[in-house]
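Listed below are the residues making up each chain.
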Amino acid sequence: MVPTSYYVLLSAILFTIGVLGVLLRRNVIVVFMSVELMLNAANLALVAFARERLAVEAQVLVFFVITVAAAEVAVGLALLVSIFRTKRTADVDEVSTLKG
Amino acid sequence: MDLILFFITAVIAITGAVAMLVSRNAVHSALFLLLNFTAISVMYLLLSAPFLFAIQLTVYAGAIMVLFLFVVMLLGAEKVEDAPDRIAWQQPLALLLGLALLVVSVVVGLGGATTPPPVGEALAQFSDPRSLGALLFTEYLLPFEVTGFILLIAVIGVVVLNQRGRKI
């Protein structure tokens, strides 16, 4: 059996990579993908703790997170498509109309 | 045996994530993220959550990544980062903060008291998808229905956002 702490370690590493993706990349689609990576890292930690505590409820929570993430991706990508249509760019630095 | 499988899968997952971060082409990023999602689904199997393994493969690796690839190719947004960063100090600061986050989360994550992983009858019942399904349709029935409503709203939102010939 693999100790839970190994999974938590892996989850922390993946989450950090996701954060770096959001901070470093400027392609809006890659930024969005990094957000998904962070969600997955959090899910992994949840499932690891669920096994340690034998709590099926945590698996239910992960199921809900995955479903809502699917809805979020659909709406987010639709937003990206309509931004791209009006601005003709996928660079987050170019989308600064709201900047004061 | 489990430990060997874990380490192989962990290396694949981290490689996929790092490659997603550094590859310049968005299509390559999406494919590396697919690799990472598949590795995480194997992790779910190792954590005795077979239902989540199936959900991860069909929803994340299947539906979501197809959506990503489709949008990347539809927009032709594979490469946009030719110009240098507008904020010069953003990159080193991001690396520094990322490192700090990693250290903090590792310390917090490993700091708690750990109990040895359970084995035997209790684990077998835990890994049975039937117990998850029973919980989903009894105790968590209302959240389940709300999730269905959220998906409906997502469908309506996508249709409204991508209507042609109408300004929003």
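About the criteria used
Every chain begins its residue count from 1, and numbering advances along the sequence as written. Whichever chain is written first becomes A and whichever ligand is written first becomes 1, with later ones labelled in order. Under the rules for a predicted model, residues below a pLDDT of 70 receive no local features and side-chain atom pairs below 80 are neither given nor counted, while totals for whole chains, interfaces and linings still include all residues. Only hydrogens and water are set aside when side-chain values are computed; all heavy atoms of the structure are taken into account. Counting from the N terminus, the helices are DSSP H or I runs at least four residues long and the strands are E runs at least two residues long. Our radius of gyration is a C-alpha quantity, and the globule rule it is checked against amounts to 2.2 Å times the number of residues to the power 0.38. When accessible area is computed with a 1.4 Å probe and restricted to protein chains, residues below 20% of their type maximum are described as buried, those above 50% as exposed, and intermediate ones as partly exposed. Only heavy atoms matter for contacts: two residues are in contact if any of them lie within 4.5 Å across the pair. Exposure was quantified through the Shrake-Rupley algorithm and a 1.4 Å probe, taking into account, for residues, occlusion by the shown protein chains and nothing else. Residues counted as positive are Lys and Arg, residues counted as negative are Asp and Glu, and His and the chain ends are not counted. Where a charge lies is defined by one atom per residue type: Lys uses NZ, Arg uses CZ, Asp uses CG and Glu uses CD. Note that the arc is computed from the directions linking the helix axis to the C-beta atoms. Here's the idea: put two parts together, see how much 1.4 Å probe accessible area each one loses, and the total over both is what we call buried area. Salt bridges are counted wherever a side-chain nitrogen of Lys or Arg sits within 4 Å of a carboxyl oxygen of Asp or Glu. Polar contacts here mean pairs of N or O atoms no more than 3.5 Å apart (in protein, one a potential hydrogen donor and the other a potential acceptor; neighbouring residues in sequence count only if both atoms are side-chain atoms). Three residue categories are used. Nonpolar comprises Ala, Val, Leu, Ile, Met, Phe, Trp, Tyr, Cys and Pro, charged comprises Asp, Glu, Lys and Arg, and polar comprises the others, including Gly. Each axis is a line fitted through C-alpha atoms, taken for helices only over the stretch in contact, and angles between the N-to-C directions span 0 to 180 degrees. Angle categories are assigned with fixed cut-offs, so that under 35 degrees is roughly parallel, over 145 is roughly antiparallel, 65 to 115 is roughly perpendicular, and the rest are oblique. Working rule for handedness: look at the near helix, and if it is turned counterclockwise from the far one by less than a right angle, call the crossing left-handed; if clockwise, right-handed. Note that patches include only residues with greater than 30% relative accessible area and no salt bridge, and the join distances are 9 Å for like charges and 5 Å for nonpolar side chains (Val, Leu, Ile, Met, Phe, Trp, Tyr). Residue ranges labeled as domains rest on an automatic or database domain assignment.

1. Structural notes on the overall build of chain A
Scanning chain A from N- to C-terminus turns up three helices and zero strands. Over its C-alpha trace chain A gives a radius of gyration of 17 Å, far above what one expects of a compact globule, namely 13 Å for 100 residues. Counting over 100 residues, chain A shows a buried share of 60%. Expressed as a percentage of contacts within chain A between residues at least 6 apart in sequence, the contacts between residues at least 24 apart total 59%. Just so you have it, chain A exposes about 3700 Å², and 69% of that area is on carbon and sulfur atoms. In chain A, which carries 8 positive and 7 negative side-chain charges, the distance between the mean positions of the two groups comes to 6 Å.

2. A closer look at helix α6 (residues 129–137) of chain B
Restricting attention to buried positions, one finds in α6 of chain B the residues Leu132, Leu135 and Leu136 of chain B. For α6 of chain B, the angular spread of the buried residues around the axis is 100°, confining them to a single face. In this structure, the buried side of α6 of chain B is in contact with α3 (56–87) of chain A together with α3 (50–75) and α7 (141–161) of chain B.

3. A few points about the interface of chain A and chain B
Every contact between the two is made by 70 residues of chain A and, on the other side, 83 residues of chain B. For chain A, the biggest contributors to the area lost against chain B are Met1, Arg25 and Met33 of chain A; these three give 9% of the whole. Across the contact surface, chain A and chain B share zero salt bridges. Across the chain A-chain B interface, the total number found is five residue pairs in polar contact (both at pLDDT 80 or more). Of all elements in the fold, only α1 (4–24), α2 (28–53) and α3 of chain A reach the threshold of two or more residues within the side of chain A that touches chain B. The element best represented in the side of chain A that touches chain B is α3 of chain A, accounting for 25 residues. Each residue belonging to the side of chain A that touches chain B can be placed in one class, and the counts come to 49 nonpolar, 11 polar and 10 charged.

4. A closer look at the packing of α1 of chain A against α2 of chain A
Residue and element names in this part refer to chain A. It is the contact of α1 with α2, at a shortest axis distance of 8 Å, that shows an interaxial angle of 165°. It follows from the interaxial angle that α1 and α2 lie roughly antiparallel. As α1 packs across α2, the resulting crossing turns out to be left-handed. Of the residues belonging to the contact of α1 with α2, the class tally is 18 nonpolar, five polar and two charged.

5. So, a nonpolar patch on the surface
Residues and elements named next belong to chain B. Residues Ile4, Ile8, Ile12, Phe32 and Leu35 make up a contiguous nonpolar surface patch of about 420 Å² in total accessible area. Listed by contribution, the elements that provide at least two residues to the nonpolar patch are α1 (2–22) and α2 (26–46). Looking at the nonpolar patch, the element that brings in the most residues is α1, giving three residues. By the secondary structure assignment, Ile8 is in helix α1.

6. Section: the domain arrangement of chain B
Under the domain assignment used here, chain B contains domain 1 (1–79) and domain 2 (128–168). Of note, the centres of domain 1 of chain B and domain 2 of chain B, computed from C-alpha atoms alone, are 23 Å apart.

7. Quick word on the pattern of salt bridges
Residues and elements named next belong to chain A. Inspection of the entire model under this criterion finds three salt bridges over all chains. Here Arg26 ties to Asp91 by a salt bridge, and the two come within 3.6 Å at their closest N and O atoms. Here Asp91 lies in the segment after α3 and Arg26 lies in the loop between α1 and α2, a separation of 65 residues in the sequence. As far as the burial class goes, Arg26 and Asp91 line up, both buried. For Asp93, the salt bridge identified is with Arg26, shortest N-O distance 3.8 Å. Taken together, the residues span a long stretch of sequence, with Asp93 in the segment after α3 and Arg26 in the loop between α1 and α2 at a distance of 67 residues.

8. What about unusual backbone geometry?
Look at Leu54 of chain A: it is not a glycine, yet its phi comes out positive at around 55°. Relative to the assigned elements, Leu54 of chain A resides in the loop between α2 and α3. The phi dihedral of Ser48 of chain B falls on the positive side, at around 50°, and the residue is not glycine. Looking at the secondary structure, you find Ser48 of chain B in the loop between α2 and α3. For Ser48 of chain B, a relative accessible area of 14% puts it in the buried group.

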